[in-house]
Amino acid sequence: MTLDTLPALDRRTALVSAFTVPKGFGDQTLRERRAGAIELLGGIPDPSVLPARELAEATARVLGRPGLPALQYSRTEGIPALREWIAAREGVPVSRIVVTNGGFHGLALAIQTTVERGDLVAVDNPIFPLFLRGLELSAARTLPVPVGAHGLDVDELGALLRDGARPAALYTVPDFHNPTQGSLPLEGRRELVRLAEHYGFVVFADNPYRELRFAGAAPEEEPFNQSDHVIHVNTFTKTLGPGLRLGWLVLPERLAPDVVALRSRQDSHSSTFVQAVVADLLAQDPARFDATLDRARALYASRARTLAEAIEREAPGAFDVAVPEGGLFLWPRLRDADVDPDRLADDASAEGVEYQRGSFFPSGPGTDAARHLRLASGDTGGDRLAEAAARLGRALQRQRG
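Residues numbered from 1 in each chain as written. Predicted model: local features only at pLDDT ≥ 70, side-chain atom pairs only at ≥ 80, totals over all residues. Heavy atoms only, no water.

**Q** What should I look at first to understand the nonpolar core in this one?
**A** What tends to happen in soluble globular proteins is that the nonpolar side chains get buried as a cluster. With 37 residues, the main nonpolar core has Leu-40, Phe-319, Leu-344, Tyr-355, Leu-373, Leu-375 and Leu-396 as its most contacted residues. The element best represented in this core is helix H10 (residues 288-314), accounting for 8 residues. Beyond its immediate sequence surroundings of up to four residues, Leu-344 is in contact with Phe-319, Leu-334, Val-339, Tyr-355, Leu-373, Leu-392, Ala-395, Leu-396 and Gln-399. By size, the runner-up hydrophobic cluster in this structure holds 27 residues, among which are Leu-240, Trp-248, Val-250 and Phe-289. (Core = buried A, V, L, I, M, F, W, Y, C linked by side-chain atoms within 4.5 Å. Buried < 20%, exposed > 50% of the residue type's maximum accessible area, 1.4 Å probe, protein only. Helix = DSSP H or I, 4+ residues; strand = E, 2+ residues; numbered from the N terminus. Contact = heavy atoms within 4.5 Å.)

Structure, rendered in structure tokens:
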């Protein structure tokens, strides 16, 4: 019996039961911070590596242009200068680029363009919960596919497809996966594209952390940008600043007109002004964006190492903890089965350190996400990270007596 031949209720239970949006999701970075607490909650870039001065200078130039074109309406696809820069960086024709209001907006457009009500969507297991919120309006069913140290388990996906699963789309974070930090290697990307083209589904490749690689080698090519079955989603959120609310889609040529038509019936276009400022900043010096990234990468690498070393020092042998090759998080795993991870999170909070417990990330069978901690290190200095590890160590001692 395959997934598709199960009775509808049983099939829905098998695919969906573990995947619900956690209560209070999205509130952690917007609520009032607790006095004295060290918060390792969100993937927030450090202000010191955001190009504030350069953005201010670009703003002055944009507002100094005759006729103030940046304060007028513009095209749904985005302003030409910004789309051309993105297209050159992605190695695709400019006709495939649509500028968005950040990464999640791009995902929402992808869902609304390709997922019909009640469709099956394959998803990361565990998964970043915000994507599930985007699926809610479509009432889609979900097919969990395990994610590990090498990203999405493409072999398991292939087995599910051969057994009869027929998703309309698949969602994955291919680089420095949130939360597991695994990255899909080149051969895995090629096979994922092959499966999408063979079985007729669309891949949503959500890539907000791609530019934050600080170790290892990036894939020498990007199969996602070479297929008409992939929507590649990216953003300036982690590199130039979340408040800009600016991202982009690399779309198949066949889907670009549909996305533009949908967008024209919603908010019409992203801020002309913000697009113009970012385009000006990027155009002033071709090396500026990568220089900004180099500073960020060095900082995030140092902080990831600092936190990992501090955890091992303060709680020796308690966690399997590895420094990832990029991104803004660590994903340590509790070794001692007698330690209750939910109680540990509560005790850590009492000690004054907040983090995202692994159970926050919806997961299905075959994962141990609940035994993990997701620790954000991007916007916290080294001394505070060391103190956070000390507080975590004290919280661990509360259970061990």
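**Q** How should I be thinking about unusual backbone geometry in this particular structure?
**A** Most peptide bonds adopt trans geometry, and most residues besides glycine take a negative phi value. That bond from Asn-125 to Pro-126 is cis: its omega, 5 degrees, falls within 30 degrees of zero. Mapped onto the secondary structure, Pro-126 falls in the loop between strand S3 (120-125) and helix H5 (129-135). A cis amide bond, omega 20 degrees, links Asn-178 with the succeeding residue Pro-179. Position of Pro-179 relative to the elements: it lies in the loop between strand S6 (169-172) and helix H7 (186-199). Phi at Phe-176 is positive, roughly 55 degrees, even though this residue is not glycine. Assignment of secondary structure puts Phe-176 in the loop between S6 and H7. Taking the relative accessible area as the measure of exposure, Phe-176 reaches 1% and is therefore buried. In this model, Ser-268 sits at a positive phi of 75 degrees, which is unusual for a non-glycine residue. In this fold, Ser-268 is placed in the loop between helix H8 (256-264) and helix H9 (272-284).

**Q** Can you walk me through a nonpolar patch on the surface in this structure?
**A** On the surface, a nonpolar cluster with roughly 260 Å² of combined accessible area is contributed by Leu-63, Leu-68 and Leu-71. Structurally, Leu-63 can be placed in helix H2 (residues 52-63). Note on Leu-63: relative accessible area 42%, which makes it partly exposed. (Patch = residues over 30% accessible without salt bridge, like charges linked within 9 Å, V, L, I, M, F, W, Y side chains within 5 Å. Areas by Shrake-Rupley, 256 points an atom, 1.4 Å probe, with all protein chains shown as cover. Salt bridge = Lys/Arg side-chain N within 4 Å of Asp/Glu carboxyl O.)

**Q** Looking at this model, I keep getting lost on the sheet that holds strand S4 (residues 141-148). Mind explaining?
**A** Strand pairs in the sheet, formed through backbone hydrogen bonds, run parallel or antiparallel to each other. Strands sit in the order S2-S9-S8-S7-S6-S3-S4-S5 across an open sheet of 8 strands; the sheet is mixed. Each having just a single partner strand, strand S2 (97-100) and strand S5 (151-152) make up the two edges of the open sheet. Bridging between S3 and S4 involves 6 bridges; their strand directions are parallel. The residue bridging Asp-124 from the neighbouring strand is Val-145, located in S4. Across the face of the sheet, helix H3 (residues 80-90) comes into contact with S2, strand S8 (230-235) and strand S9 (247-250) while running at roughly 120 degrees to S2. (Pairing = 2+ DSSP bridges. Axes fitted to C-alpha atoms, helices over the stretch in contact; angles between N-to-C directions.)

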